[in-house]
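One-letter residues, chain by chain:
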Amino acid sequence: MQESVESLVRLLESYRGRDKVIRTVCYGSQLVGGVLSRKAEADVSSQRLGKSLLLFSAQLSQCRTVLRLFDDLSMLAYSRSYGFGDGEEDRGVRWISVLTNVADQLYYPCEHIAWAADAELIKVKSDKWWLLSTVLWGTSLLLGILRSLRVLLLLKKKLKRCGRDGAGNSHSQLCRQMRGEVLSILSSMADLSNAIHWMPPGFLWAGRFPNWLVGLMGTISSLIGLIQMSTSDSDQTDST
């Protein structure tokens, strides 16, 4: 029990870990609130609790938006360190990653402007800026899926070579990397489904998701993110 509490504390002490926890609670609240709201006609108490959870989810989403006001420099530092991906072995992975970094870098100022407009700090309409940030987020997710598919293809080829060479350690490491890429694809697909939902009506299934389904997709993505973060931390601990 104490170890679990200490692990949670360490997770919350880091910005990345805290954001993932807030994200999970945010979408989890939306999932439960959406489910309870569907039962509102039969149960008044469920309706009240459902609405409260949806309001709580909205406040956590707003919290994450405010915290992302300070993410531009860290994203810029990462983009500069990656550059044109000269360290990548595959040209396809390199250029997909570069385009993803461009989409991510542009996403932040667009979201900041939309937030500032809603907060009445600047006199512009926020709708087009929210739309642009959603498009950039969806583009980044789609590029991430393509990148993971490309990496999976390359890892599969390496796995076949390891099978012929009989390298056991390399085989297990490649399998672990492939599982990570599969999880990334599932996470991005869940987020992409929500990104399309938030597009203007008439575009695929835009606007058709009920609250519980948005919460479900976000919860799936968030839990995968926590699993990946935990796996990454354990791998670093093992290597040290």
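All values derive from a computational prediction rather than experimental measurement.

Observations regarding the UniProt feature "transmembrane region" (unreviewed entry) in the protein chain
Feature annotation in UniProt assigns "transmembrane region" (unreviewed entry) to the following positions: residues 129-149 and 209-227. Secondary structure content for residues 129-149 is 100% helix and 0% strand, while the C-alpha to C-alpha distance between its ends is 30 Å. For residues 209-227, helix accounts for 89% and strand for 0%, while the C-alpha atoms at its two ends are 26 Å apart.

Here's the deal with the environment of Val 21
Topologically, Val 21 is positioned in helix H2 (residues 15-38). Taking the C-alpha atoms as reference points, Val 21 and Leu 8, separated by 13 residues in sequence, lie 9.3 Å from one another.

Some remarks on unusual backbone geometry
Despite not being glycine, Glu 120 has its phi angle at roughly 60°, a positive value. With respect to the helices and strands, the residue Glu 120 is situated in the loop between helix H5 (91-118) and helix H6 (127-165). What makes Glu 120 exposed here is its relative accessible area of 71%. In the Ramachandran plot, Leu 204 falls in the positive-phi region, its phi being about 50° despite a non-glycine side chain. Note that Leu 204 resides in the loop between helix H7 (168-197) and helix H8 (211-239).

Some details on the side chain of Gln 30
Tracing the sequence through the fold places Gln 30 in helix H2. Excluding its chain neighbours within four sequence positions, the residues that come into contact with Gln 30 are Leu 54, Ser 57, Asn 211, Trp 212, Val 214 and Gly 215.

Here's the deal with the packing of helix H1 (residues 2-13) against H2
Following both chains from N to C, one finds H1 and H2 inclined at 105°, their axes separated by 5 Å at the closest point. Considering the angle they form, H1 stands roughly perpendicular to H2. Packed against H1, whose contacting residues are Leu 11, Leu 12 and Glu 13, the element H2 presents Tyr 15, Gly 17, Arg 18 and Val 21 at the interface.

Section: the pattern of salt bridges
Taken as a whole and judged by the stated rule, the model has 6 salt bridges. Here Glu 88 makes a salt bridge to Arg 147, at a shortest N to O gap of 3.5 Å. Placement of the pair is Glu 88 in the loop between helix H4 (72-82) and H5 and Arg 147 in helix H6, with a sequence separation of 59 residues. In this structure Glu 88 comes out as partly exposed when scored by relative accessible area, which is 21%. Asp 90 is the partner of Arg 150 in a salt bridge, and the nearest nitrogen-oxygen pair spans 2.7 Å. Taken together, the residues Arg 150 in helix H6 and Asp 90 in the loop between H4 and H5 connect sequence positions 60 residues apart.

Rules behind the numbers
Here the residue numbering is sequential within each chain, running from 1 through the sequence in written order. This being a predicted model, a pLDDT of at least 70 is required before a residue's local features are given, and a value of 80 or more before pairs of side-chain atoms are given or counted; all residues contribute to the totals for chains, interfaces and linings. Neither water nor hydrogens contribute to the side-chain values; these are computed over all heavy atoms in the structure. UniProt positions are given in the numbering used here, feature names are shortened, and annotations may be inferred rather than shown by experiment. Counting from the N terminus, the helices are the DSSP runs of H or I reaching at least four residues and the strands are the DSSP runs of E reaching at least two. Only protein chains enter the area calculation, which uses a 1.4 Å probe; residues under 20% of their type maximum are buried, those over 50% are exposed, and those in between are partly exposed. Here a residue-residue contact requires only that any non-hydrogen atoms of the pair lie within 4.5 Å. Geometry is summarised by axes, namely lines fitted to C-alpha atoms with helices restricted to the contacting stretch, and by angles between N-to-C directions that run from 0 to 180 degrees. Convention used here: angles under 35 degrees read as roughly parallel, angles over 145 as roughly antiparallel, angles from 65 to 115 as roughly perpendicular, and any remaining angle as oblique. A pairing counts as a salt bridge when a side-chain nitrogen of Lys or Arg comes within 4 Å of a carboxyl oxygen of Asp or Glu.

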